[in-house]
Amino acid sequence: KSSSILVCFDDMSIDFGRLRIRRKGSFGGQKGMASIINVFSTQNISRLKMGTGPKPDKMPAENYVLSRLGKAELDNLDSTLENAYNAVMVALKGGIDSAMNLYNCDGNDNTD
């Protein structure tokens, strides 16, 4: 049942370390999310996007997301993963809206 799923994945349109939680939406260019939407035949699948930051010009997206993290990203990785874990736990215990209110990267992000 798609309403009981929370998919977590990377997003290059969000700064590194930031989170964005949604109740539903399109795949937004993320091939894994496109596959999940296709399997369940619905866009009504909650997701937690973890920012990787923008890729360098002329670098293929798959190379960027699989490349080694820089020092700044490594320094923030533990807190980023802890925030993502906490957001998932809030979503599981208090619902997706609670997680959105607490963890979305800015106050204007609480939309579908």
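Residues numbered from 1 in each chain as written. Predicted model: local features only at pLDDT ≥ 70, side-chain atom pairs only at ≥ 80, totals over all residues. Heavy atoms only, no water.

> Any chance you could explain the confidence of the model for the protein here in plain terms?
When pLDDT is low, close inspection of the predicted coordinates is not appropriate. Taken over all residues, the pLDDT of the protein has a mean of 89, while the share at 70 or more is 91%. The least confident element of the protein is helix 2 (residues 61-65), whose mean pLDDT is 88; the most confident is strand 2 (residues 19-22), at 96. In the predicted structure, residues 107-112 sits below a pLDDT of 50 and forms twelve contacts with residues beyond four places in sequence or in another chain. (pLDDT = per-residue confidence, 0-100. Helix = DSSP H or I, 4+ residues; strand = E, 2+ residues; numbered from the N terminus. Contact = heavy atoms within 4.5 Å.)

> So what exactly am I meant to see when it comes to the nonpolar core here?
Note that soluble globular proteins tend to have their nonpolar side chains buried in a common cluster. Counting nine residues, the largest nonpolar core is built from Leu-19, Ile-21, Leu-48, Ala-84, Ala-87, Ala-91, Ile-96, Ala-99 and Met-100. Filtering out sequence-adjacent residues up to four positions away, Ala-99 remains in contact with Ile-21, Ala-87, Val-90, Ala-91 and Asn-104. In this structure, Phe-9, Met-33, Ile-37 and Ile-45 belong to the second largest nonpolar core, which totals five residues. (Core = buried A, V, L, I, M, F, W, Y, C linked by side-chain atoms within 4.5 Å. Buried < 20%, exposed > 50% of the residue type's maximum accessible area, 1.4 Å probe, protein only.)

> Just to check I follow, could you spell out helix 4 (residues 96-103) for this structure?
An α-helical segment advances 3.6 residues per turn. Residues three or four places apart therefore align on the same side. For helix 4, the full list of buried residues reads Ile-96, Ala-99 and Met-100. Considered in projection along helix 4, the buried side chains sweep an arc of 100 degrees and stay on one side of the axis. Helix 4 presents Asn-101 and Leu-102 as exposed residues on the side facing more than 90 degrees away from its buried surface. In this fold, the buried residues of helix 4 make contact with strand 1 (6-11), strand 2, strand 3 (46-51) and helix 3 (71-94). (Arc of directions from axis to C-beta.)

> Is there a simple way to think about the packing of helix 3 against helix 4 in this case?
For any two helices packed against each other, the geometry comes down to the angle between their axes and how far apart the axes lie. Where helix 3 contacts helix 4, the axes come no closer than 6 Å and their chain directions differ by 145 degrees. You can see that helix 3 and helix 4 cross each other, and the crossing is right-handed. Facing helix 3, whose interface residues are Asn-83, Asn-86, Ala-87, Val-90, Ala-91 and Gly-94, helix 4 presents Ile-96, Ser-98, Ala-99, Leu-102 and Tyr-103. Residue composition of the contact of helix 3 with helix 4, by class: seven nonpolar, four polar and no charged. (Axes fitted to C-alpha atoms, helices over the stretch in contact; angles between N-to-C directions. Left-handed = near helix turned anticlockwise from the far one by under 90°. Nonpolar A, V, L, I, M, F, W, Y, C, P; charged D, E, K, R; others polar.)

> Explain the sheet that holds strand 3 here, please?
Each strand in a sheet pairs with its neighbour through backbone hydrogen bonds, running either in the same direction (parallel) or in the opposite one (antiparallel). Within the open sheet, the three strands sit side by side as 1-3-2. Their pairing is mixed. A strand with exactly one partner marks an edge of an open sheet, and here the two such strands are strand 1 and strand 2. Taking each pair of neighbouring strands and ignoring which way they run, the sheet shows an average axis angle of 20 degrees. Relative to strand 3, strand 1 runs parallel, the two being bridged by six bridges. Bridged to Cys-8 within strand 3 is Leu-48. Sitting on the sheet, helix 4 is in contact with strand 1, strand 2 and strand 3, with an inclination near 155 degrees to strand 2. (Pairing = 2+ DSSP bridges.)

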